[in-house]
Amino acid sequence: MTEQTPGTILLRGASLLGERSADVLVVDGVIAEIGSLSAEGARVVDADGLVALPGLVDLHTHLREPGREDAETVVTGSRAAAMGGFTAVLAMANTSPVTDTAEAAERVHDLGLAAGLVDVQPVGAVTKGLGGEELAELGLMARSRARVRVFSDDGRCVADPRVMRRALEYVKAFGGVVSQHSQDPDLAGPQSCCHEGELSGRLGLPGWPGVAEEVIVARDVMLARHTGSRVHVAHASTAGTVEVLRWAKSQGIAVTAEVTPHHLLLTTDLLSGYDPTYKVNPPLRPAEDVEALRAALADGTIDAVATDHAPHARHDKEHAFVDAAFGMLGLETALPVVASVMVESGLMTWADVARVMSTTPAAIAGLEGHGRGLEVGAPANIVLVDPSADLTVDRDASVSLSRNNPWHGRTFGAAVRHTLLRGRPTVLDGSLV
Amino acid sequence: MRKHLLSIDDLSVDDMDTIFATAAEMHDVQRREVKKLPALRGRTIINLFFEDSTRTRSSFEIAGKWLSADTINITGKGSSASKGESLRDTVLTITAMGVDALVMRHAASGSALQVSQWVDASVINAGDGTHEHPSQALLDAYTLRRTLGTLEGKRVLLVGDLTHSRVFRSNVKCLTRLGAEVTVVAPPTLMPSGVDTWSREAGFATSYDLDEALPKADAVMMLRVQRERMSGGFFPSAREYTVGYGLTRDRLAVLGPDVPICHPGPMNRGLEIAADAADAAQSLVLDQVSSGLAVRMSILYHLLAGEGA
């Protein structure tokens, strides 16, 4: 029996990955024992009926700080992440100023440390100011205290193939990966705000076709093959992208991809009322794309779920549809959505959820200490999920600063109950500690 | 009728017939020496035009004045977003002044619907981006019915830049519901995405071949080529467009003298419509303008003149 300390927590009766029930003893931030254990001296968390997963890792979060602290800050975004069961998030670079220097990356990193609720790992911009022309100081960001490994101009596509090639080559020096927002800007068009299809034709909205994503994914996997580097496809949204990924993986090309919870469940039909809540980039697609994305996540063609959590102040959504900001909240609801779409439907197990929402994203991002199995000696980054909850989403109950929540009023069958970051509870009984 | 007129979808065929019947009465008012009716005395209508317009704005303004409403025009280029204020804040500020109706034009599709969810006033969509322009469709249908007697079974061609045309989107709904057999003609690059499915469901035909469709037409509606909305090359040259899709002098001869020609204006003479066709005896272009006034008086009357109107 491990000696117990004030920092000792016993998770009693948790269902590990939904597969076997056991007590988990956490001592000083590390999983010390697993089995049928005594509670003596330990703070007991009743985990009976709860599924224990490694703490979730989000490859794609927008925290808005610096620049738009009215929409989200590192602190409020960290709260939302913890409430969603995350223990690490990658903060996208399209802040103001852009995270394109070592100093900027360290600032975000330090704000995350100060917030102390999740590990906030900055993503560095690929190009200076997201301008798409000159490489940002990728190496300095990688060598900084923030230890940046993922680079992305997200919000914009690195459209110039020469720039993309050089970025892929350059990040090889420090094991980096380029996460691409795949959207050919010319094919998509300057005002594109939704999926191009029958509905956009009827509504008179400028749409962007799926092929604008697919041509960039196809180009980038060929560049990854040419350079021998790693490319990551952010928020894949079409069946055509899945086909390209499947082929690329069959060829052994080092490509990984993520899908958002909203692209797994919501369809473009929601735009018929011009509600900017559902305006997101890439856009919501038709049902056949959604089906293809679900199948690809289940069979491993798509590697990870990432939220693309994109908070916006209310007034930034209260414009005409074409003028409103892109994006929707996602951190607090990602796990309930994935459970609903993938687990309740039988497409995936809880162990699969752990793979796509923790283990694989941590590996893609090179995050040590996250995405480990629930095993003795691993850091106690753990989320406990109630798999038989009756959760009705209330946007006004969110801990995010923003309210652009597409799930408001929807009911899900799973909910995050407790989150532990290195053994310290950040969320207990569904509330922030 | 409902509180707002945002789309042709808001109207039943009975509603349209009611609007047309009242429009016929309003049309007679235009021939009077004193053109004023007291129907909307004490009502305030704001014409809120975020996008340039001459004929629609002045048509609604005169319609309101002849019904004795107080009409105020607010115009401004660009969207509220470009000024930094949200659209919601803009319209709430304006309607806070005690407005009964907001006649709104905006460059963004769906904006009229969005605004109707924020304000208490009646909202009349005077053109939202490339989505709809219901009063234009109603005046077009009214004009054609006066000329053809009925739209039931009449073959109407809509020709031109369909992708960017709100007039097309409202007209195709309005005309098909009133019994017309509608064929839309455009080059493939100017057909809206998904039009094949849409046309099957909505009951209209599509064609890339104007010369094949033209001889069968009972009426032709030419649509403006909206060059200002075109960010890329939708067709190789103006000359090629005219050869393929313009209502040229030769095509006018094929059409014959009894087939009415409509155009919502402003016309690109020499591009989508030859001067001969625009000025032909069967051209209804000016009738559309005068009918438009009557139809808009009718719309305002039915939306604003009180219970049971």
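Residues numbered from 1 in each chain as written. Chains lettered and ligands numbered in written order. Predicted model: local features only at pLDDT ≥ 70, side-chain atom pairs only at ≥ 80, totals over all residues. Heavy atoms only, no water.

Side note on the overall build of chain A
For step 1, the next point in the chain: The secondary structure content of chain A amounts to 13 helices and 21 strands.
For step 2, the next point in the chain: For 433 residues, the compact-globule estimate of 2.2 N^0.38 gives 22 Å, and the C-alpha radius of gyration of chain A, at 21 Å, lies within 12% of that figure.
For step 3, the next point in the chain: Expressed along its principal axes, the backbone C-alpha trace of chain A runs to roughly 65 × 45 × 45 Å.
For step 4, the next point in the chain: Sorting the 433 residues of chain A into buried and exposed places 64% on the buried side.
For step 5, the next point in the chain: Long-range contacts, defined here as pairs at least 24 residues apart, represent 75% of the contacts in chain A between residues at least 6 apart.
For step 6, the next point in the chain: Carbon together with sulfur atoms contributes 49% to the accessible area of chain A, which is approximately 14,900 Å² in total.
For step 7, the next point in the chain: Between the averaged position of the 36 positive side-chain charges in chain A and that of its 55 negative side-chain charges there is a distance of 4 Å. (Helix = DSSP H or I, 4+ residues; strand = E, 2+ residues; numbered from the N terminus. Rg over C-alpha atoms; globule rule 2.2 N^0.38 Å. Buried < 20%, exposed > 50% of the residue type's maximum accessible area, 1.4 Å probe, protein only. Contact = heavy atoms within 4.5 Å. Areas by Shrake-Rupley, 256 points an atom, 1.4 Å probe, with all protein chains shown as cover. Lys, Arg positive; Asp, Glu negative; His and termini not counted. Charge placed at Lys NZ, Arg CZ, Asp CG, Glu CD.)

Here we look at the pattern of salt bridges
All names here are of chain B.
For step 1, the next point in the chain: Across all of its chains, the model carries 36 salt bridges over all chains by this definition.
For step 2, the next point in the chain: Notably, a salt bridge pairs K173 with D9, separated by 3.0 Å at the nearest N-O pair. Here the residue K173 occupies a position in helix α7 (residues 166-177), and D9 occupies one in the segment before α1 (13-29), the gap between them amounting to 164 residues.
For step 3, the next point in the chain: Among the residues examined, D9 registers a relative accessible area of 41% and is labelled partly exposed.
For step 4, the next point in the chain: The residue E61 makes a salt bridge to K65 at a minimum N-O spacing of 3.9 Å. With E61 and K65 both in helix α2 (residues 55-66) and four residues apart, the pair spans about one turn of that helix.
For step 5, the next point in the chain: Since its relative accessible area comes to 34%, K65 is described here as partly exposed. (Salt bridge = Lys/Arg side-chain N within 4 Å of Asp/Glu carboxyl O.)

Digging into the sheet that holds strand β6 (residues 181-185) of chain B
Two modes of strand pairing occur in sheets, parallel and antiparallel, and in both the strands are linked by backbone hydrogen bonds.
All names here are of chain B.
For step 1, the next point in the chain: Strand order across the open sheet formed by five strands is β7-β6-β5-β8-β9, with parallel pairing between neighbours. Since the sheet does not close on itself, it has two edges, and those belong to β7 (205-207) and β9 (261-262), each with one partner.
For step 2, the next point in the chain: Of the pairings in the sheet, the one linking β6 to β7 comprises three bridges and is parallel in character. Note that in β7 the partner of V184 across the bridge is T206. (Pairing = 2+ DSSP bridges.)

Details of the domain arrangement of chain B
Residues and elements named next belong to chain B.
For step 1, the next point in the chain: For chain B, the assigned domains read domain 1 (4-132 + 291-305) and domain 2 (134-288).
For step 2, the next point in the chain: Look at where the C-alpha atoms of domain 1 and domain 2 centre, and you get two points 25 Å apart.
For step 3, the next point in the chain: In this complex, domain 1 contributes 32 residues to the contact, which on the side of domain 2 involves 27 residues.
For step 4, the next point in the chain: For the pair domain 1 and domain 2, the summed buried surface comes to about 2,400 Å²; carbon and sulfur atoms form 57% of the total. (Domains from an automatic or database assignment. Buried area = accessible area lost by both parts, 1.4 Å probe.)

Re the UniProt feature "binding site: carbamoyl phosphate" (unreviewed entry) in chain B
Residues and elements named next belong to chain B.
For step 1, the next point in the chain: Under the UniProt annotation, "binding site: carbamoyl phosphate" (unreviewed entry) lies at R55, T56, R105, H133, Q136, G265 and P266.
For step 2, the next point in the chain: In this fold, Q136 is placed in helix α6 (residues 134-148).
For step 3, the next point in the chain: If sequence neighbours within four positions are ignored, Q136 has contacts with V167, P264, Q288 and R296.
For step 4, the next point in the chain: Here G265 shows up in the loop between β9 and α12 (275-278).
For step 5, the next point in the chain: Residue G265 is classed as buried on the basis of its relative accessible area of 18%. (UniProt positions renumbered as here; feature names shortened; annotations may be inferred.)

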